[in-house]
Structures are given as structure tokens and as C-alpha cells.
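Breakdown of the fold
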Amino acid sequence: MKSPQNSVARRTSRWAVTLSSLATGMLVLSGCGGTGGSGGDGAEGSAEGFPSEAISIMAPADPGGGYDMTARSIGQALDEGGVVDTGTEVYNVPGGSGTVGLTEFVSQNAGDPHQLMVIGKILVGSIEQTDAQVDLTDTTPIARLTAEYDAIAVPADSEYETLEQLMADFESDPGSIAWGGGSVGGVDQILVAQLGEAVGVSAEDLNYIPYSGGGEMTPALLSGDVTAAASGTAEFTDLVDAGEVRLLAVSSEEPIEGIDAPTITEAGYDVSIANWRALVAPPELSDEQRDAVIGMVEEMHGTDQWQETLTANNWEDYLMTGDEFTEYLAAEKEDISQILKNLGLTE
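Criteria and thresholds
Residues numbered from 1 in each chain as written. Predicted model: local features only at pLDDT ≥ 70, side-chain atom pairs only at ≥ 80, totals over all residues. Heavy atoms only, no water. Helix = DSSP H or I, 4+ residues; strand = E, 2+ residues; numbered from the N terminus. Buried < 20%, exposed > 50% of the residue type's maximum accessible area, 1.4 Å probe, protein only. Areas by Shrake-Rupley, 256 points an atom, 1.4 Å probe, with all protein chains shown as cover. Salt bridge = Lys/Arg side-chain N within 4 Å of Asp/Glu carboxyl O. Expected span 1.5 Å × (residues − 1). Core = buried A, V, L, I, M, F, W, Y, C linked by side-chain atoms within 4.5 Å. Contact = heavy atoms within 4.5 Å. pLDDT = per-residue confidence, 0-100. Pairing = 2+ DSSP bridges. Phe/Tyr/Trp six-rings, centres within 6.5 Å; stacked < 30°, edge-to-face > 60°.

1. Digging into the overall build of the protein
Regarding its fold elements, the protein presents 11 helices and 12 strands. Expressed as a percentage of the 347 residues in the protein, the buried residues total 52%. A total accessible area of about 15,300 Å² is found for the protein, and carbon and sulfur atoms account for 46% of it.

2. Considering the pattern of salt bridges
Applying the stated rule across the entire model yields 6 salt bridges. Measuring nitrogen to oxygen at the nearest pair gives 2.7 Å for the salt bridge that ties Glu332 to Lys121. Pair noted here: Glu332 is in helix α11 (residues 322–342) and Lys121 is in helix α4 (residues 121–129), with a separation of 211 residues, a long-range link. Its relative accessible area of 8% is what places Glu332 among the buried residues.

3. A few points about helix α2 (residues 66–80)
Its 15 residues give α2 an end-to-end C-alpha distance of 21 Å, which sits within 8% of 21 Å, the value for a rise of 1.5 Å per residue. Along α2, the residues classified as buried are Tyr67, Asp68, Thr70, Ala71, Ser73, Ile74, Gly75, Ala77 and Leu78. Backbone geometry just after α2 places Gly82 at a positive phi near 75°.

4. Some points on the nonpolar core
If you look at the biggest cluster of nonpolar residues, it comprises 101 residues, and the most contacted ones within it are Ile57, Ile119, Ile152, Leu163, Trp179 and Met296. Sorting elements by how many residues they give to this core places strand β6 (residues 140–155) first, with 9 residues. Once residues within four sequence positions are removed from consideration, Met296 is found in contact with Phe50, Ile55, Leu78, Val83, Val84 and Leu116.

5. Concerning the confidence of the model for the protein
For the protein, per-residue confidence averages 86 on the pLDDT scale, and residues scoring 70 or more make up 87% of the total. For residues 1–42, every residue scores under 50 in pLDDT, and the model assigns this stretch 92 contacts once sequence neighbours within four places are set aside.

6. Topic: the pairing of strand β5 (residues 115–120)
Regular strands have side chains that alternate between both faces of the sheet. Among the 6 residues that make up β5, 6 are buried, leaving the element largely enclosed by the rest of the structure. Of the two faces of β5, the one carrying Gln115, Met117 and Ile119 and the one carrying Leu116, Val118 and Gly120 are both buried. Looking at chain direction, strand β3 (residues 55–59) and β5 are connected through 3 bridges and run parallel. Note that in β5 the partner of Ile57 across the bridge is Leu116.

7. Considerations on the packing of aromatic side chains
Considering all chains together, one arrives at 4 aromatic pairs under this definition. Ring geometry for Trp276 against Tyr328: centres 5.8 Å apart, planes inclined by 70°, an arrangement best described as edge-to-face. You can see Trp276 sitting in strand β11 (residues 274–281) and its partner Tyr328 sitting in helix α11, a full 52 residues away along the chain. Under the relative-accessibility criterion, Trp276 is labelled buried at 0%. Residues Trp306 and Trp315 carry aromatic rings whose centres are separated by 6.4 Å and whose planes lie at 45° to one another, so their mutual orientation is tilted.

8. Focus: the environment of Glu148
Positionally, Glu148 belongs in strand β6. Given the relative accessible area of 10%, Glu148 is considered buried. If near-sequence neighbours (up to four positions away) are discounted, Glu148 is found in contact with Gly232, Thr233, Ala234, Ala274, Asn275, Arg277 and Trp315.

9. So, unusual backbone geometry
Note the cis peptide between Phe50 and Pro51, where omega equals -5°. Positive phi outside glycine occurs at Glu284, with the angle close to 70°. Tracing the backbone shows Glu284 in the loop between β11 and α9 (287–301). For Glu284, a relative accessible area of 62% gives the class exposed. At Asn314, a position not held by glycine, the phi torsion is positive, near 55°. Examined against the element boundaries, Asn314 turns out to sit in the loop between α10 (304–313) and β12 (316–321). The class for Asn314 is partly exposed, based on a relative accessible area of 34%.

What follows is the structure in C-alpha cells.
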């Protein structure tokens with residue numbers, strides 16, 4: 001996979017002089033990337049010859065996290081799966097839980113089908129909680145690709161051996177259970193809120209402590225600063241293998257192969273949640289361009305490289321494209337908006 005050579009240059013308008021015909025010697029100015037137009041595909045709105053340049057994928061967060069891993073996995077599958085021969089590049093725009101990257105992506109890439117951005121469930125909530133100038137309706141939805149489920153974990157020496165035991169104390173004395181998890185309003189907090197709702201604990205009574213990542217949350221869990229933690233199953237894999245934590249349940253609808261823990265539903269609580277990740281393109285793509293991008297992603301989805309990536313990362317295959325995915329995003333926005341209001345995080 002190609003590394004970004006110059007992210008500033010890549011995300012601004014670039015004009016290159018190309019020889020359109022050696023026979024006639026005619027010079028043609030063609031737009032390359034950046035602002036609205038064809039993105040190098042000939043006539044404006046045309047997808048003929050797509051892709052005609054490298055596919056750029058934005059991860060709206062620092063390197064090393066879930067967005068970054070997803071973006072680089074997509075780029076690798078596009079390259080190594082033989083889906084594109086123009087190459088791919090991944091770049092990071094951190095800040096605002098993804099909203100800084102979203103604003104840049106929408107404002108600087110209109111009409112360019114060679115630009116993609118990784119989004120996820122947490123970004124929907126981040127938009128609701130901030131004064132972001134743009135939202136996902138300003139993008140062109142392409143495809144939902146993966147889902148990762150949360151797990152509820154406790155230290156290996158915890159008195160709680162089952163989720164039912166933990167929930168009994170949570171119900172009787174909500175403040176006695178300190179929950180650790182990711183950012184405010186994110187998937188982890190939503191899961192804890194749903195667990196509370198399942199046993200009649202109001203959102204305002206939750207003792208939830210947010211952490212910026214596993215590097216901060218793990219010491220808190222192991223030291224007993226938090227009673228239990230909610231996070232993606234991958235966050236706990238090494239800790240479980242080392243015998244340092246115990247998983248009480250997972251948030252999937254069905255048991256997860258290779259994980260020795262029941263689902264929350266199996267434990268008796270009607271709660272499940274998936275932290276999905278997806279791709280969007282910039283605004284102002286023609287229908288032809290959108291369909292070409294969707295076709296490229298669907299072809300990538302069928303490669304051995306992508307299927308191996310899903311297995312290696314324990315990601316669920318969660319493919320949904322086009323209009324169906326657009327409708328899904330609208331429903332997610334409505335659901336998450338209500339949850340955040342219940343948590344007192346938005347008005």
C-alpha cells in the first residue's frame with residue numbers, strides 16, 4: 001500500500017498538463033483530485049476509466065486505532081486483491097472524534113470519486129454532540145463493511161464471575177459499579193446505558209468513566225479503579241490470553257466463535273449493539289460515479305485478502321451498500337440522537 005507523499009498537496013486542487021495525443025501534440029488540462037468536477041475521469045460526472053488515479057482513504061483519527069486499521073485494511077485489499085492498479089494511499093486527520101476529518105473531507109473533495117473516508121457508529125454520535133458544520137448527509141454513502149462487538153470484562157480476581165451477578169449489584173446500587181469505557185457518547189457508553197435501561201437504572205445514575213483508549217482503560221480496570229469495562233472484543237484478547245481479565249458477556253446477537261463468553265441476551269438481558277465501520281465518498285458525485293465506487297468496494301469485498309482480514313480481526317462481515325446503507329445511516333442517526341438525549345449529553 002502506498003504511503004501519503006504529501007497530504008497537503010493531495011487535499012488541494014492540483015492541475016497537471018498531460019499529452020492527450022502524441023500524434024497531434026495537443027495539450028489538455030485535466031483536473032486531478034480536490035474540488036468538484038470529474039476527479040480525473042474525463043467529462044464531469046463520468047465514471048469512464050475509473051479509477052484513473054490512486055484511491056485516497058481518510059482515517060479521521062490518529063494512526064493505530066480502529067478507523068486507521070480499517071482504512072489500511074481496505075487499501076491493502078484493493079491493492080493486493082487486484083481490484084485497482086492505480087494504487088491506494090491512507091492518511092489521518094484526527095480531532096473532534098472524527099468531525100474535524102469529516103469537515104475537511106466534505107469541503108475539499110466534492111465531486112472526486114477517488115476520495116473515500118472511513119466512518120463508524122461513534123462518528124454519528126460525535127456529530128450530534130458537537131457543533132460540526134457538516135454531517136453525514138453531506139457525504140455520498142457507499143458501503144457499510146464491518147461490525148465489531150463489545151465485551152464486558154472484569155479483572156480475573158473480581159468477585160463477579162457472571163454478568164448476572166454484576167447486574168444484580170448494578171440494579172440495587174447503580175453508583176457502586178464503576179464502568180470504564182471509551183469516549184463520552186460512544187458505543188461503550190451506549191451499551192452501558194442500555195444495560196441500565198434493561199434493569200431500570202436511569203442514565204443519570206450511571207457511574208461511567210470515559211477513557212481515550214485501551215492504554216488508559218486497561219490499567220484502571222486491572223487496578224480496580226473501575227469495576228467493569230466495556231470495549232471492543234479485540235481490546236481484551238491479549239488480557240484474556242494472559243489470564244488478567246475475564247469476559248462476562250459479548251454484545252453480539254449470536255455467540256462469537258473463539259470467545260468463551262455468552263451473549264448479553266443469553267445472560268437474560270435484551271441488549272445487543274454493534275460498532276460498525278463503513279465508507280463514504282464526497283458530495284456531488286454523479287450516479288454513475290457513485291455506482292462505480294460501490295462496484296469497486298463490492299469487488300474488494302469478494303477478495304480473499306478482505307475475507308482473511310475479517311477473520312484475522314474477528315470482524316463480522318456487515319456489507320450493505322447504496323440506497324439501503326443511506327437509509328440505515330438515517331435510522332442510526334435517529335436512534336443515537338435519542339440515546340444521547342436520554343444520557344443528558346444533548347438537548
